[in-house]
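A look at the structure
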Amino acid sequence: MSVEKPVVSLADLCSRYEGLLVPDERQGFEGYLISPDHLISFCRSLRDDVGYDYLSSVTGVDNFPAEQMEVVYHFYRTTGGPSFNLKLQVSRHNPVVPSLVPLYPGADFQEREAWDLLGIRFEGHPDLRRIMMWEGFEGFPLRKDWREPFFEDEAKPFKSRWPDGQVIRSEDQNPYKNNVRYPNDFDPEQWTPVGDDALYKGMLNLSQNIQSEFKTDQIVVNLGPQHPSTHGVFRMVVVLEGETVLSLKPVMGYLHRNHEKIGERNTFLQNMPFTDRLDYISSMSNNFGYALAVEKLMGIRPPERAEYIRVMMAELTRFLNHIFSIGFLLNDLGAFFTPALYAIEERELILDVFEAVSGSRMMCNYFRFGGVARDLPDGVLEKIKELVNDRLPRKLEEFERYLTKNDLVRIRCEGVGVLSPEEAIALSAAGPILRASGVPYDVRRADPYSIYDRFDFDVAYGLHGDIYDRYLVRVEEMRQSLRILKQVVRDIPEGPIMSGKPQYQARVPPGEAYGRVEGPKGELGFYVVSNGKPNPWRYHVRAPSFINLTSLATMAKNQKIADVVAILGSIDIVLGEVDR
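Residues numbered from 1 in each chain as written. Predicted model: local features only at pLDDT ≥ 70, side-chain atom pairs only at ≥ 80, totals over all residues. Heavy atoms only, no water.

Given a rise of 1.5 Å per residue, 30 residues ought to cover 44 Å, and the 44 Å separating the end C-alpha atoms of helix α8 (residues 304–333) matches this to within 8%. Counting buried residues in α8 gives 28 out of 30 residues, a clear majority hidden from the surface. (Helix = DSSP H or I, 4+ residues; strand = E, 2+ residues; numbered from the N terminus. Expected span 1.5 Å × (residues − 1). Buried < 20%, exposed > 50% of the residue type's maximum accessible area, 1.4 Å probe, protein only.)

Right, let's get into the layout of surface pockets. In this structure, the largest pocket spans a volume of roughly 1200 Å³. Taken together, 47 residues form the lining of the largest pocket, with Met133, Phe137, Trp146, His256 and Arg257 sitting closest to its centre. Among the secondary structure elements, those contributing two or more residues to the lining of the largest pocket are α4 (195–207), β10 (244–251) and α5 (259–265). Here the lining of the largest pocket is composed, by residue class, of 23 nonpolar, 6 polar and 18 charged. (1 Å grid on protein atoms, 1.4 Å probe; cavity = no way out; pocket = protein on both sides within 12 Å on 5 of 7 lines; lining within 4 Å. Points joined across faces, edges and corners; volume = space filled by probe spheres on them. Nonpolar A, V, L, I, M, F, W, Y, C, P; charged D, E, K, R; others polar.)

Next up on the list: the sheet that holds strand β2 (residues 32–34). The sheet built from 5 strands is open, its strands ordered β1-β2-β5-β4-β3 with mixed pairing. At either end of the open sheet lies a strand with only one pairing partner, and these are β1 (21–23) and β3 (54–62). Pairwise comparison of adjacent strand axes, ignoring direction, gives a mean angle of 25° for this sheet. Bridge analysis of β2 against strand β5 (residues 84–91) gives 2 bridges, and the strand direction is parallel. The residue of β5 that forms the bridge with Leu33 is Lys87. Against the sheet, helix α3 (residues 108–118) contacts β3 and β4 (68–76), and its axis sits at roughly 5° relative to β3. (Pairing = 2+ DSSP bridges. Axes fitted to C-alpha atoms, helices over the stretch in contact; angles between N-to-C directions. Contact = heavy atoms within 4.5 Å.)

Counting buried positions along β3 yields 9 of 9 residues, so the element is predominantly enclosed. By the bridge criterion, 8 bridges tie β3 to β4 in an arrangement that is antiparallel. Directly across from Ser57, in β4, lies its bridge partner His74. In textbook terms, the turn of a hairpin is the stretch between consecutive antiparallel strands, and for β3 and β4 this stretch comprises 5 residues.

Turning to the side chain of Arg444, a few remarks are in order. Relative to the helices and strands, Arg444 is located in helix α14 (residues 443–446). A polar contact of 2.7 Å, which involves the side chain of Arg444, links it to the side chain of Asp442. (Polar contact = N/O pair within 3.5 Å; in protein donor to acceptor, adjacent residues only side chain to side chain.)

A few words now on the pairing of β5. Most of β5 is tucked away, with 6 of its 8 residues classed as buried. Bridge count between β4 and β5: 8 bridges; the pairing is antiparallel. Across the sheet, residue Glu70 finds its bridge partner in β5, namely Gln89.

Using the criterion set out here, one finds 48 salt bridges in the structure. Arg435 is the partner of Asp442 in a salt bridge, and the nearest nitrogen-oxygen pair spans 3.9 Å. For Asp442, a relative accessible area of 1% gives the class buried. Arg435 sits in the buried class, given a relative accessible area of 0%. Linking Asp458 and Arg483 is a salt bridge whose minimum nitrogen-to-oxygen distance equals 3.0 Å. Here Asp458 is found in the loop between α14 and α15 (467–491), whereas its partner Arg483 is found in helix α15, with 25 residues between them in sequence. Among the residues examined, Asp458 registers a relative accessible area of 44% and is labelled partly exposed. Take Arg483: its relative accessible area is 28%, and that puts it in the partly exposed class. Through salt bridges with shared partners, a single ionic network connects Glu315, Arg318, Arg435, Asp442, Arg444, Glu477 and Glu518. (Salt bridge = Lys/Arg side-chain N within 4 Å of Asp/Glu carboxyl O.)

Next up on the list: the state of the cysteines. Evaluated as defined, the whole model comprises 0 disulfides. Just so you know, Cys14 is unpaired, no disulfide at all, and the nearest cysteine sulfur is the one on Cys43, 12 Å from it. (Disulfide = S-S within 2.5 Å.)

Moving on, we come to the packing of aromatic side chains. Counted under the stated rule, the structure contains 26 aromatic pairs. A centroid spacing of 6.0 Å and a plane angle of 55° characterise the contact between Tyr52 and Phe84, whose relative ring orientation is tilted. Residue Tyr52 is found in the loop between α2 (36–48) and β3, and its partner Phe84 is found in strand β5; the two are separated by 32 residues along the sequence. Just as Tyr52 is buried, Phe84 falls in that class too. Measuring from centroid to centroid gives 6.1 Å for Phe526 and Tyr539, while their planes differ by 40°, and the two rings are tilted. Taken together, the residues span a long stretch of sequence, with Phe526 in strand β14 (residues 522–530) and Tyr539 in strand β15 (residues 538–542) at a distance of 13 residues. Classification of Phe526 by relative accessible area gives buried; the value is 0%. (Phe/Tyr/Trp six-rings, centres within 6.5 Å; stacked < 30°, edge-to-face > 60°.)

This next bit is on the packing of helix α7 (residues 283–298) against α8. Close contact between α7 and α8 brings their axes to 8 Å; oriented N to C, the two are set at 140°. Of the possible angle classes, the one that applies to α7 and α8 is oblique. For the pair α7 and α8, the contacting residues are Met284, Ser285, Phe288, Ala291, Leu292 and Glu295 in the first and Arg310, Val311, Met313, Ala314 and Thr317 in the second. Its residues placed into classes, the contact of α7 with α8 shows 7 nonpolar, 2 polar and 2 charged. (Parallel < 35°, antiparallel > 145°, perpendicular 65-115°, else oblique.)

Right, let's get into the domain arrangement of the protein. Its domain assignment divides the protein into domain 1 (10–123) and domain 2 (259–579). The distance between the C-alpha centroids of domain 1 and domain 2 comes to 27 Å. With 33 residues of domain 1 in contact, the opposing surface of domain 2 contributes 28 residues. On the domain 1 side of the interface with domain 2, the three residues burying the most area are Tyr54, Thr78 and Phe109, jointly 23% of the side's total. For Lys87, the salt bridge is made with Glu512, and the minimal N-O distance between the two is 2.6 Å. At the boundary of domain 1 with domain 2, the tally comes to 15 residue pairs in polar contact (both at pLDDT 80 or more). Listing elements by their share of the side of domain 1 that touches domain 2, those giving two or more residues are β3, β4 and α3. Residue composition of the side of domain 1 that touches domain 2, by class: 13 nonpolar, 13 polar and 7 charged. (Domains from an automatic or database assignment. Buried area = accessible area lost by both parts, 1.4 Å probe.)

With that settled, consider the environment of Pro157. If you trace the backbone, Pro157 turns up in the loop between β7 (121–123) and α4. Sequence-wise, Pro157 and Asn558 are 401 residues apart; in three dimensions their C-alpha atoms are separated by 52 Å.

This is the structure we're talking about:
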């Protein structure tokens, strides 16, 4: 893929908007502030003239009690380099900002989420509906003045738990034994869902202009939310003509628990085990991203041994995630559970390592600000050396021998669910989805973190952007992870695994930070704002499973309904991370 060089420099563009683009001079903050009136023109120049073609993250922030809402954008170049942070601030009473979807289609779901949870309206958005909450939900739950039923306290630890120790279940105070609150004058028995009507109407409008050789009926079909092929409680609404998909809309939120609201009530340290519950296949990577964000705020770096252990755990996680996702992709293709069982066997050996170092197989809660919770137990490093030097390379070769040249795999995957490089970038696709489309963008190389700049490895990428290339990229990434791991186990030094003393309460100075890692599913980012108190003021997750679903409709258009199941499997989502 050829990438055009920027026409002007970032400094030139900023000088062109002098007086309209203002540095954010708040203590601990960075980036620039711009007014909503100039957002579109500036972002168009940022993309077309300066080369910031990738909108990674869109975050809404409630600056209560100040009567102000804020939207924070993180832009990157797919050729590599650090972010450009842009912010705009609007009245909290009428928070209206221009939508960036016409310029950056990858903002679609992220803007809907900010509308749904914070009430920020994005003018010009093509489909601004709730995305996590149900259509009759009252209020915007991430606002600081929103209170759930049986609200107890602003921040943890709740006094009823500690120090008093008198735990009271809110549900027990309610004669109906639930914690549901309906809007005024709302009767659930009389309610007619209006969201689905708007969804179906919009989809049929999308498909009216499609020309077909044969005149057949168009029907709307729901796949999920209770369906084994949706990888959890996820729903795809499709318009079909025969077996051909004319349009598709993902519907999510069935597992939503407002992870970010919980995160803003927790202390900084209490959030670490909550990150495990995002992508529960990849908890070590989740810990990594959050630790980096808070460490930026604290201005600390882990010691050498801890850095090596972190990379070790992250790359073992990448291997187990990819082999697991390939096994279940084969399930979606019809090879029911035999390849998955091969994959699970290797995954279990890596989980043995995780259990030894953290005490848990899936919810590891292993990273700490400034290092890791504990050192490698005796014998574990030797076990890891045996895995990365012998067992896993042999098993990966065996896996490939069964699958890569398999005629059925190739027939079902080649040329199916194609995403072009331009589409992948515009839709903010990340990880193997982006790289399989021919864009060799990997955060470990493009904007290195931790000690990844020390290791010799290649960025895997494809040329066709189809399901088969996504499979091949994951196979090659497993091979490169083993390459990194061999260097780690060879070079890991002795020494401490924590900078300073372990703390039960992190002292985090005021400011903002965005920490991101190249997780197995793509860029996982945490945007954290501190006001100097023990709990984060804003805690936002840039979830790759969620944002990668933005490209599902593009991949599925004009494909067969059976192939949509395989396309979804090739994205590799975890619903805990999609819904949060």
